[in-house]
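Notes for the structure review
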Amino acid sequence: NLVSATTHLQNALKCAKSDTKPIARRMLPRILTTAAVVAAEVGDRQRSHTYFDQCHRLEPYHGAAYAAEADCAWRIFRDVDAARRALRKGLITLNRSNDKAPKARYAPTLWHNWGTLEARRGDYVLARKLFQRGLFEISSSRSRADTPLLLHSLASLELRLGRFDDAANLFLKAASLTSHEKAAPCILGAARARLKAEAALSSSLPQSQDDEWPSNVVATIRLLLSLPTQNDHAFTSSCQNAHVLKLRTRLMSGGSWRELFAAAVLADPGDGRAWRLWASAENRKGTRILAGRVLEAAKRLARAPDPALASLIADFAQRPTQKREAFAVAALQSASGSRELEALVLRFVANQDKERLWDQVKRRKSAVSVHHNKKRAVSLLLARWADLELKYKNGSDSQSLDESFGVASRLASAAVSADSNCPEALFAVGKCLEANHKLDAADKAYAQALQVAPDLSRCALALAQLRSRRRDFDGARSILAAGLDASPTDAGAAAIWHHWAALEAQLGNLDGLATLHKRAQAAGDFFWRRSDFIDYATASANINPSSRQRGISLSSTTHDEDDDDTTAPSS
């Protein structure tokens, strides 16, 4: 509720400015920064700029204000020059400050944000220079605690560009400088880099016949399953004892991707993303038995929430009832403690199954993520559950197509009820409406989801395809262009390139294809490194004038979530 937030912030500003106590003066820069962000969210750029200026004059070394100003300029107003100016001004100001000043510690985050901004725009050369400059600047004047953040950023960039060995070494170096509980993202990045390096050597992931893990990986799983999950304090203490640290050191020295995945979950057993990526890797290698073992351990140890992990567990289930149970248990685990959300989930559970599902929830680890948003987590899980029901509707093995569609529609509506601003929930509503041939309502639902999350490339593609079928080609082009502007290097952007090229080819618009090809060339190295982008480039380059008569159909592919970027450790 941005209107209410604005009112409260204005009252807080009045109180802080009139209060002469030191604590009020210390709080004022934070209040001004928050007020500037809220003003930007409601579209009042002038007021946002005024608040940021007041904050900079009051406390020049408040690094969070420069980061927030750059984020608003790029994320909300799409003004990359303004974002760069804010970051440059912040770095110049903070570098003039005393190294021991608390706010000077924010400089590494500004280097990270600037490099990430350029990487998202496709300028990887500049992004690498910024990360390296940041490492150089903090190497002599800042604490070692600041180094892992930029090492992780640089390693993620190298991983994205296919320099897997360099990426793995940087990730491991960052992990060695990080405390045990914060090293998991760095170790996970090294595991993914080693996995991709092995895949690159063999041109594709080979189907492995091995059905056993190395002995130290087996020892890790056994150790984790023996930990006391119901007592969070005892669980945390057990994860940090000397035996666990010694085992993690052995796993990291082994260096194989399996050992590094084991080391990552050993550093943070509650990280559902690490379990999911490990299970996905085992599945792609053809060792479904080992993937199943990973998921069984994840069910017990992973923190709530991780909707993607719940989706993977559902995919591994054999029967439809088991797939539904995977989502129901994950949603109940995420909603635990909120009667309203629990009741919302239990509406889709049969009475005879409720007690059994609650028993499964109780056997799982009770802790949740520090940044756990119950409403958003439940909304995401219900939206993915709705996708599952839509698959049954479209499949030939469903016993009751109408019933599956009705359940999918109710699940999507419940997802919106849990969190009305969840883009995945609005996207699920749109898919249900489109499946029911309510195209006008589906168009509105997709547009609303994109208004909340412009970088939701799957939704942009769905809306463009819907408008193309309705012969609204100009509307489809505008959605495709906006989708690429919002996330030009996202994995889902490949499908947008494909569909846009197919649309122009089918219409015989050679000028449009030429413009699209120029845009592809300007997208940076990332465009040409991805095989799906190269398929598009080859097809569009081969179009000749005769295609104006016969048209060309390029297959549009769907993509899973982009896992190229690993979550960075906290600075």
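Up top you'll find the structure we're talking about.
Right, let's walk through the structure included here. (Residues numbered from 1 in each chain as written. Predicted model: local features only at pLDDT ≥ 70, side-chain atom pairs only at ≥ 80, totals over all residues. Heavy atoms only, no water.)

1. A few points about the overall build of the protein
Tallying secondary structure elements over the protein gives 31 helices and zero strands in all. Looking at the protein as a whole, 53% of its 571 residues are labelled buried. In the protein, of all internal contacts separated by at least 6 residues, the share reaching a separation of at least 24 is 64%. (Helix = DSSP H or I, 4+ residues; strand = E, 2+ residues; numbered from the N terminus. Buried < 20%, exposed > 50% of the residue type's maximum accessible area, 1.4 Å probe, protein only. Contact = heavy atoms within 4.5 Å.)

2. Some words on the packing of aromatic side chains
Applying the stated criterion across every chain yields a total of six aromatic pairs. Taking 6.1 Å as the distance between ring centres and 85 degrees as the angle between the ring planes, the aromatic pair formed by Trp257 and Phe261 counts as edge-to-face. Of this pair, Trp257 and Phe261 both sit in helix 14 (residues 257-267), four residues apart, which is roughly one turn of the helix. With respect to burial, Trp257 and Phe261 carry one shared label: buried. Taken together through their ring pairs, the aromatic side chains of Trp213, Trp257, Phe261, Trp275 and Trp278 make up a single cluster. Directly above the aromatic system of Trp74 lies the positively charged group of Arg78, at a separation of 4.8 Å from the ring centroid. Arg293 extends its terminal NZ or CZ atom over the ring of Trp213, reaching a point 5.7 Å from the ring centre. (Phe/Tyr/Trp six-rings, centres within 6.5 Å; stacked < 30°, edge-to-face > 60°. Lys NZ or Arg CZ within 6 Å of the ring centre and 35° of its normal.)

3. Let's talk about the environment of Ala447
Considering the arrangement of structural elements, one finds Ala447 in helix 24 (residues 439-452). Relative accessible area serves as the criterion here: at 31%, Ala447 is assigned to the partly exposed category. Expressed as a C-alpha distance, the spacing of Ala447 and Gly430, which sit 17 residues apart in the sequence, is 9.0 Å.

4. Some details on helix 17 (residues 307-316)
Among the 10 residues that make up helix 17, nine are buried, leaving the element largely enclosed by the rest of the structure. Along helix 17, the residues classified as buried are Pro307, Ala308, Leu309, Ala310, Ser311, Leu312, Ile313, Ala314 and Phe316.

5. Comments concerning the packing of helix 17 against helix 18 (residues 320-335)
Geometry of a packed helix pair, given as the angle between the helix axes and the separation of the axes. Packing of helix 17 against helix 18 leaves a shortest axis separation of 7 Å and a crossing angle of 155 degrees. Here helix 17 lies roughly antiparallel to helix 18, going by the angle between them. Crossing geometry of helix 17 relative to helix 18 is assigned as right-handed. Of the residues in helix 18, those in contact with Ala310, Ser311, Ile313, Ala314 and Asp315 of helix 17 are Lys323, Ala326, Phe327 and Ala330. (Axes fitted to C-alpha atoms, helices over the stretch in contact; angles between N-to-C directions. Parallel < 35°, antiparallel > 145°, perpendicular 65-115°, else oblique. Left-handed = near helix turned anticlockwise from the far one by under 90°.)

6. Some remarks on the pattern of salt bridges
Two side chains that carry opposite charge are able to pair once their charged atoms sit near each other. If you walk through the whole model with that rule in mind, you get 24 salt bridges. In the salt-bridge network here, residues are joined through shared partners; they are Asp81, Arg84, Glu118 and Arg121. (Salt bridge = Lys/Arg side-chain N within 4 Å of Asp/Glu carboxyl O.)

7. Side note on unusual backbone geometry
Although it is not a glycine, His437 adopts a positive phi angle of roughly 65 degrees. Looking at the secondary structure, you find His437 in the loop between helix 23 (423-435) and helix 24. With relative accessibility at 67%, the residue His437 sits in the exposed group.

8. As for the nonpolar core
In terms of nonpolar packing, the biggest core is built from 126 residues, with Ile187, Phe261, Trp275, Trp278, Leu382 and Trp385 touching the most fellow members. The biggest single contributor to this core is helix 21 (residues 374-394), with 10 residues. The next biggest cluster of nonpolar side chains, apart from the first, holds 31 residues, and it includes Leu450, Ala481, Ala505 and Leu516. (Core = buried A, V, L, I, M, F, W, Y, C linked by side-chain atoms within 4.5 Å.)

9. Comments concerning the packing of helix 3 (residues 45-58) against helix 4 (residues 63-75)
At their nearest, the axes of helix 3 and helix 4 sit 10 Å apart, and the two run at 160 degrees to each other. It follows that helix 3 is roughly antiparallel to helix 4 by the angle criterion. Crossing handedness for the pair helix 3 and helix 4: left-handed. Between helix 3, through His49, Phe52, Cys55 and His56, and helix 4, the contact on the second element is made entirely by Ala65, Tyr66, Ala68, Glu69 and Cys72.

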